[in-house]
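Survey of secondary and tertiary structure
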Amino acid sequence: MRHDPIKCALWGMLVGNIENMGILPAIQGGEAIARCLEGDNVLDKLAQIDGENNYEFSEKNGYKLVIIKACPFTPIYKDIPEWGEKAMRLVAAYNKKPDGGGALHPLCLVHKGIRNAMKAGIVSIACRSGSTGKIEVAEKAAEKVGMTSDEARKMLEGKACLFALKAE
């Protein structure tokens, strides 16, 4: 099987950097992506990555809950090597940090880096794997917006990602 060289380059740089330097390169990569996004507001900017018409909204406790219906990174997952044991251990360690959680693999860290770089007080709550259905919830983030892990899991049934913004 021939691998897509662009996907392999992205995978190799991300895995190689994470395995040698920790999760910071993934988060910094997200920050770099965020700097090139344009739009009138945070959601306009994020939609350039997440996809137009890829959001569902609700409100809770003064927060606008944003559900990403389909992971924008899904096309990358096809035909790339496994993420690697060391990189996945680092993601697991990130999920245990008080300010971490909600990541399933290195691209989740990139995605969270993009949202964090918006400097809009975005709270990244949870992510769901489209292939396995596994959901990873950032417990402290869920608590911050006044929701339980079970509520976050229920909101993500058949969806991809959940984050919150302060309601306007």
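All of the points below concern the structure found in this document. (Residues numbered from 1 in each chain as written. Predicted model: local features only at pLDDT ≥ 70, side-chain atom pairs only at ≥ 80, totals over all residues. Heavy atoms only, no water.)

A look at the packing of aromatic side chains
Applying the stated criterion across every chain, the model contains 2 aromatic pairs. Ring centres of Tyr55 and Phe57 lie 5.9 Å apart, and the angle between their planes is 50°; this geometry places the pair in the tilted category. According to the relative accessible area criterion, Phe57 is partly exposed, its value standing at 45%. When the centroid spacing of 6.4 Å and the interplanar angle of 85° are considered together, the rings of Tyr55 and Phe163 count as edge-to-face. (Phe/Tyr/Trp six-rings, centres within 6.5 Å; stacked < 30°, edge-to-face > 60°. Buried < 20%, exposed > 50% of the residue type's maximum accessible area, 1.4 Å probe, protein only.)

Some words on helix α1 (residues 5-21)
Two residues of an α-helix separated by three or four positions point the same way, owing to the 3.6 residues in each turn. Spanning 17 residues, α1 covers 23 Å between terminal C-alpha atoms, matching the ideal 24 Å at 1.5 Å per step. Buried within α1 are the following residues: Lys7, Leu14, Val15 and Ile18. One side of α1 holds all its buried residues, which, seen down the axis, span an arc of 90°. In α1, those exposed residues whose orientation departs by more than 90 degrees from the buried face are Ile6, Met13, Asn20 and Met21. The elements touched by buried residues of α1 are α2 (24-35), α4 (74-77), α5 (85-96) and α6 (106-117). Sitting at the head of α1, Asp4 places a side-chain oxygen 2.8 Å from the backbone nitrogen of Ile6. The positive-phi residue at the C-terminal boundary of α1 is Gly22, with phi of around 90°. (Helix = DSSP H or I, 4+ residues; strand = E, 2+ residues; numbered from the N terminus. Expected span 1.5 Å × (residues − 1). Arc of directions from axis to C-beta. Contact = heavy atoms within 4.5 Å. Polar contact = N/O pair within 3.5 Å; in protein donor to acceptor, adjacent residues only side chain to side chain.)

A few points about the environment of Lys154
Its place among the elements puts Lys154 in helix α8 (residues 149-155). Lys154 sits 19 residues away from Ile135 along the chain, and the two C-alpha atoms are 10.0 Å apart.

Remarks on α6
With 12 residues, α6 extends 17 Å between its outermost C-alpha atoms, agreeing within 8% with the 16 Å of an ideal straight helix rising 1.5 Å per residue. Burial analysis of α6 places 10 of its 12 residues in the buried class, which makes it a mostly covered element. Just beyond α6, the residue with positive phi is Lys119, at close to 55°.

Comments concerning the layout of surface pockets
In this model, the largest pocket occupies a volume close to 750 Å³. Forming the walls of the largest pocket are 36 residues, and the residues nearest its centre are Tyr77, Trp83, His105, Ser129 and Ser131. For the lining of the largest pocket, the class distribution of residues is 19 nonpolar, 10 polar and 7 charged. Contributing to the lining of the second largest pocket are 19 residues, with Tyr94, Asp99, Gly100, Lys112 and Asn116 lying nearest its centre. Those elements giving two or more residues to the lining of the second largest pocket turn out to be α6, β3 (123-128) and α7 (139-144). Ranked by residues supplied to the lining of the second largest pocket, first place goes to α6 with 4 residues. (1 Å grid on protein atoms, 1.4 Å probe; cavity = no way out; pocket = protein on both sides within 12 Å on 5 of 7 lines; lining within 4 Å. Points joined across faces, edges and corners; volume = space filled by probe spheres on them. Nonpolar A, V, L, I, M, F, W, Y, C, P; charged D, E, K, R; others polar.)

Considering the sheet that holds β3
Taken in spatial order, the 5 strands line up as β1-β2-β5-β3-β4 in an open sheet, and their pairing is antiparallel. The sheet terminates laterally at β1 (55-60) and β4 (135-137), the two strands that pair on one side only. The sheet shows a mean angle of 20° between the axes of neighbouring strands, direction not considered. Sheet topology note: the β3/β4 ladder contains 3 bridges and is antiparallel. Looking across to β4, one finds that Cys127 is bridged to Glu136. (Pairing = 2+ DSSP bridges. Axes fitted to C-alpha atoms, helices over the stretch in contact; angles between N-to-C directions.)

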